[in-house]
Amino acid sequence: MSMLVDDVKAAIHRRLSGKYAKEQGAIAETLLADADVLAEDALRELTAASPTAAAIAMKTALESGKVEPHPFFEWAESQQPGIFALVHLGSDLKRMLDGDAWRHMRVFGYELPGRQRHGVAYTILDLDVRGAEALAFVDGFLDYLGPAHLTVGERSVVEHLAEAAGVGQAGQIRLGADTFSSMLEWCGRKDVEKHRADATRMARKLHLFAASAQPEGGGFGYAAGLTKGALEYDRICPLWQQGFRAVLYNPTDPMPTSSKWLLFPNADECLNGSFSADRPQKLDLSVGDAPMQRLLISWAWRGGLPATAVRVAPKHAADFAGFLVAKALRVIGAEGEAFVVTATLLASYLPGALRPWGPTAKRHIKGWLRSFLEYGEAIGALQVEGACYLHLATNASERGDADGDVDAISLDDLRSLSSELESRSPQTHIDELVYAAFCVQALTPLRISEILTLRTCWIDEEPRPGIRAVMATSKSSGRALRRVQVPESAYRMLDAVRRSTADLRRMADPETADYLFICAGPMGRVKTLDKRLYRSKLSAAAGVVGVTAAAPSNLRKRYMTEVVERGVARNLSRLALRPLTGHVADAVTNRYYLREDIRSYLEAVHGIEIGSPRIVGEVAPSIDGSCVPAALVESGAGVCRNEQCDVKGTVTCLMCSGFLTAPQFIPEMKEAVATLDAQMASAGQHDREHLMSVKRLHLAYLGKMMEMKGATHG
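Tallying secondary structure elements over the chain gives 34 helices and 15 strands in all. Expressed as a percentage of the 714 residues in the chain, the buried residues total 45%. Residue pairs at least 24 apart in sequence account for 62% of intrachain contacts in the chain once pairs closer than 6 positions are excluded. For the chain, the accessible surface area stands at approximately 35100 Å², while carbon and sulfur atoms represent 52% of it.

In the structure shown here, the tally under the stated rule is 14 salt bridges. The partner of arginine 447 in a salt bridge is glutamate 450, with the nearest N and O atoms 3.2 Å apart. For the pair formed by arginine 447 and glutamate 450, the shared burial category is buried. Taken together, the shared-partner salt bridges connect Glu154, Asp198 and Arg201 into one network.

Right, let's get into helix α11 (residues 196-213). Its 18 residues place the ends of α11 25 Å apart at the C-alpha level, agreeing with the 26 Å of an ideal helix rising 1.5 Å per residue. When we look at burial in α11, the residues that qualify are Ala199, Thr200, Met202, Ala203, Arg204, Leu206, His207, Leu208, Phe209 and Ala210. Residues of α11 that are buried in the fold lie against α7 (132-145), α8 (152-159), α9 (161-165), α10 (177-187), α12 (228-232) and α13 (236-241).

Attention now moves to the sheet that holds strand β13 (residues 618-619). The strand order across the open sheet formed by three strands is β13-β15-β14, and the pairing between neighbours is mixed. The open sheet terminates on both sides in strands that have one partner only, identified here as β13 and β14 (639-640). Both β14 and strand β15 (residues 659-661) contribute to a ladder of two bridges, which runs antiparallel. When the sheet's bridge partners are listed, valine 639 is paired in β15 with leucine 660.

By the criterion of burial, strand β4 (residues 260-264) is predominantly enclosed, with four of the five residues buried. When strand β3 (residues 245-248) meets β4, the two strands line up parallel, connected through four bridges. Across the sheet, residue valine 247 finds its bridge partner in β4, namely leucine 263. Sheet topology places β4 next to strand β5 (residues 281-284); four bridges connect them, and they run antiparallel. In the sheet register, lysine 260 faces β5, and the bridge partner there is aspartate 284.

Strand order in the open sheet made by the three strands is β3-β4-β5, with mixed pairing throughout. The open sheet terminates on both sides in strands that have one partner only, identified here as β3 and β5. Each strand of the sheet is rotated relative to its neighbour by a mean of 40°, with strand direction disregarded.

Looking now at the side chain of histidine 207. Summarising the element assignment, histidine 207 is placed in helix α11. Judged by its relative accessible area of 0%, histidine 207 falls in the buried class. Within the structure, the side chain of histidine 207 is placed 2.9 Å from the backbone oxygen of alanine 203, a separation counted as a polar contact. Once residues within four sequence positions are removed from consideration, histidine 207 is found in contact with Leu175, Gly176, Thr179, Phe180, Met183, Phe220 and Leu231.

This paragraph deals with helix α17 (residues 343-354). Each α-helix turn comprises 3.6 residues. Residues three or four places apart therefore point the same way. For α17, built from twelve residues, the straight-helix expectation of 16 Å at 1.5 Å per residue is met to within 8% by its first-to-last C-alpha distance of 16 Å. Turning to α17, its buried residues are Ala343, Leu345, Leu346, Tyr349, Leu350 and Leu354. The buried residues of α17 all sit within an arc of 140° when viewed along its axis, so they share a single face.

A few words now on the packing of aromatic side chains. In the structure shown here, the tally under the stated rule is eleven aromatic pairs. Taking 5.8 Å as the distance between ring centres and 55° as the angle between the ring planes, the aromatic pair formed by phenylalanine 141 and phenylalanine 209 counts as tilted. Placement of phenylalanine 141 in helix α7 and of phenylalanine 209 in helix α11 is noted, with a sequence separation of 68 residues between them. In this pair, the class of phenylalanine 141 matches that of phenylalanine 209, namely buried. Members of the aromatic cluster, connected to one another through ring pairs, are Trp299, Phe320, Phe323, Tyr349 and Phe372. The ring of tryptophan 240 has arginine 245 sitting right over it, with the charged end atom 3.5 Å from the ring centre. When the ring centre of tyrosine 515 is taken as origin, the NZ or CZ atom of arginine 455, which lies over that ring, is 4.1 Å away.

Right, let's get into the packing of helix α2 (residues 18-32) against helix α3 (residues 40-49). Contact geometry of α2 with α3 gives a least axis separation of 10 Å together with a crossing angle of 150°. One finds that α2 runs roughly antiparallel with respect to α3. For the pair α2 and α3, the sense of crossing is right-handed. Touching Ile27, Ala28, Leu31 and Leu32 of α2 are Ala42, Glu45, Leu46 and Ala49, all from α3. Per-class residue counts for the contact of α2 with α3 are seven nonpolar, no polar and one charged.

For glycine 638, the position within the fold is in the loop between α32 (628-631) and β14. In this structure the C-alpha to C-alpha distance between glycine 638 and phenylalanine 665, which are 27 residues apart in sequence, comes to 6.3 Å. Apart from the residues lying within four places of it in its own chain, the contact partners of glycine 638 are Ala631, Leu632, Val633, Phe659, Leu660, Thr661 and Phe665.

In this section: the packing of helix α21 (residues 411-424) against helix α27 (residues 531-545). Between α21 and α27, the shortest axis-to-axis distance is 9 Å and the interhelical angle comes to 115°. Taken together, α21 and α27 sit at an angle that is classed as roughly perpendicular. The handedness of the crossing between α21 and α27 comes out as right-handed. The segment α21 lies against α27, with Ser416, Leu417, Glu420, Leu421 and Arg424 engaging Lys537, Leu538, Ala540, Ala541, Ala542, Val544 and Val545. Among the residues forming the contact of α21 with α27, the class breakdown is eight nonpolar, one polar and three charged.

Along the chain, threonine 179 turns up in helix α10. By relative accessible area, which is 8% here, threonine 179 ends up buried. In this view, threonine 179 contacts Ala165, Val167, Arg174 and His207; residues no more than four positions away in its chain are not counted.

Tracing the backbone shows phenylalanine 665 in the loop between β15 and α33 (666-682). Exposure remark for phenylalanine 665: the relative accessible area of 6% places this residue in the buried category.

Looking at the chain, the pLDDT average stands at 75 and 76% of residues meet or exceed 70. Across the chain, the secondary-structure element scoring lowest on mean pLDDT is helix α31 (residues 596-605), at 40, and the one scoring highest is α13, at 91. Low pLDDT, under 50, characterises residues 570-580; the stretch is placed with 34 contacts to residues that sit more than four places away or in other chains.

Quick notes on the rules
Residues numbered from 1 in each chain as written. Predicted model: local features only at pLDDT ≥ 70, side-chain atom pairs only at ≥ 80, totals over all residues. Heavy atoms only, no water. Helix = DSSP H or I, 4+ residues; strand = E, 2+ residues; numbered from the N terminus. Buried < 20%, exposed > 50% of the residue type's maximum accessible area, 1.4 Å probe, protein only. Contact = heavy atoms within 4.5 Å. Areas by Shrake-Rupley, 256 points an atom, 1.4 Å probe, with all protein chains shown as cover. Salt bridge = Lys/Arg side-chain N within 4 Å of Asp/Glu carboxyl O. Expected span 1.5 Å × (residues − 1). Pairing = 2+ DSSP bridges. Axes fitted to C-alpha atoms, helices over the stretch in contact; angles between N-to-C directions. Polar contact = N/O pair within 3.5 Å; in protein donor to acceptor, adjacent residues only side chain to side chain. Arc of directions from axis to C-beta. Phe/Tyr/Trp six-rings, centres within 6.5 Å; stacked < 30°, edge-to-face > 60°. Lys NZ or Arg CZ within 6 Å of the ring centre and 35° of its normal. Parallel < 35°, antiparallel > 145°, perpendicular 65-115°, else oblique. Left-handed = near helix turned anticlockwise from the far one by under 90°. Nonpolar A, V, L, I, M, F, W, Y, C, P; charged D, E, K, R; others polar. pLDDT = per-residue confidence, 0-100.

Below, the structure is given as structure tokens:
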């Protein structure tokens, strides 16, 4: 008896037991006889007699290398670890050998967790593709998946790959946007529908693998509307079937043909973090009228919109375009079809469209619609009545002018609103978050948009005595982070929010979990607390207690008014107020938050602004460089306009009406302030008081210089 037979019989007795093991051992001994290696013909005979004994014999021979050179055995070795699970097969081995069916089959093995005796299971995939290249593609995809269990829906997509992709029994597989559409449509068939979720997920994985494995541009890319980034988005399948296509906003590229865009960040947006590539934004420009739809797409793509506005503006323009299709008169002109837009038509649309929005949003929407009408007129697609633009003019409150600015909420109304929100907070988790956000806004200089976008890691700053600090995104400066001081009470509130949302954070996706204010959304999906939801909750509570000025801007105005009034009482300069208000330009603090009676009184009686000493020199936008070198004052922070100055060295030049400076001298002025600080550190009490007055004068000039710089570059 050969060693092969001995090994096979020993393996049979390890796997089987009793009378059945003896029977299978006898069959193997009879059919293998004195063979030293397992031949393909002998394996077929053994399979016909006993598939179980044949499977054990093949596994044993493969492990010891005692097989004859044959394509089947080479293929079998490549199917590990699945092929070694064939000892549990029964008749599947016979099916694989029948007519060389193994040539288009794959044994997909995977681990069985917690199963010690039989640690490997398998799935046999009977593929409908033919040809070496197509089969190699499937092999590469199975390696890409790694050891894993395949569900019925997932297995059906792989087994019917050629049919699902609509390529027939092709010798090669080239996947792309067209095959993605075909495969998703195939997944909706009646015989697959009950496994549709698994099947569409496998279709996405197949194309994701193909996007990486195929040559660049082979059926994928923004031109086709399907990219690797789009396939990594877990909601791409339903969105694709709705007609959305991947778009990278770059007006210099060819205009997309689709009216439904799935917008991904371009290089600039990736750089400044405008939005995440993990969450592309949907934009539906479908209006049911081909000429109007072409106009809308052309305007959104090439109408001169800023890159950030393209995310929002076309949504409102699409609503307006749909309204025009339904209501406007269509005429045939020299340049083709055009819609006639009248002031009456626009007036019937605007009130309802603007009603849900605040002053700033109304200003933006009017500006976008004005841009849309102007663009339509320029290309001859719209005939716009001149009076339409009067309806789109922004008023004072929308522009943010001082005359139209919102009023600060009164202290009594603030207390009433706070009590109402506090009583509502135990009702739902969202009410709890709204009350917390309300308290933080009342206690800190943070805007509501900054509060709702706080990250958990931004409130872990090291405390100083009585003061905490958080990081927040800046309204200006390209969403850069800035450090904001908050009182201990506000910090405790933020910390309570972090604790109350801990369970939700474990359920959320990584991007959402990083935010502080999160809540449960539709279908159990965790989302961030929306600013509109916060506004509506605030308005509902205000309606109960009879408070009219209850917008987030009213709350911020109350905080700012309190800060500036206290600052004036303490004789703080504008530079000292800036970190307390969070404004980049001092002019914003002056225009929006200083009470008119306080400012008028101080300027009229004392000739100062926000506690600054009176300055008699001049701060100009710029100074001609030709006169600078000869007329520089001693500190280098400006020039002297007096040709013959006879008081030099007896008084500070900044106290003279002949002193002239400009923003270009800001570095020198800062250096002069630093010099004064160094002198004060070693001066006596009397000299220190004198130097403090001089320093305040320097800071007053510095404040005006920085304000002038902001106005010049604004």
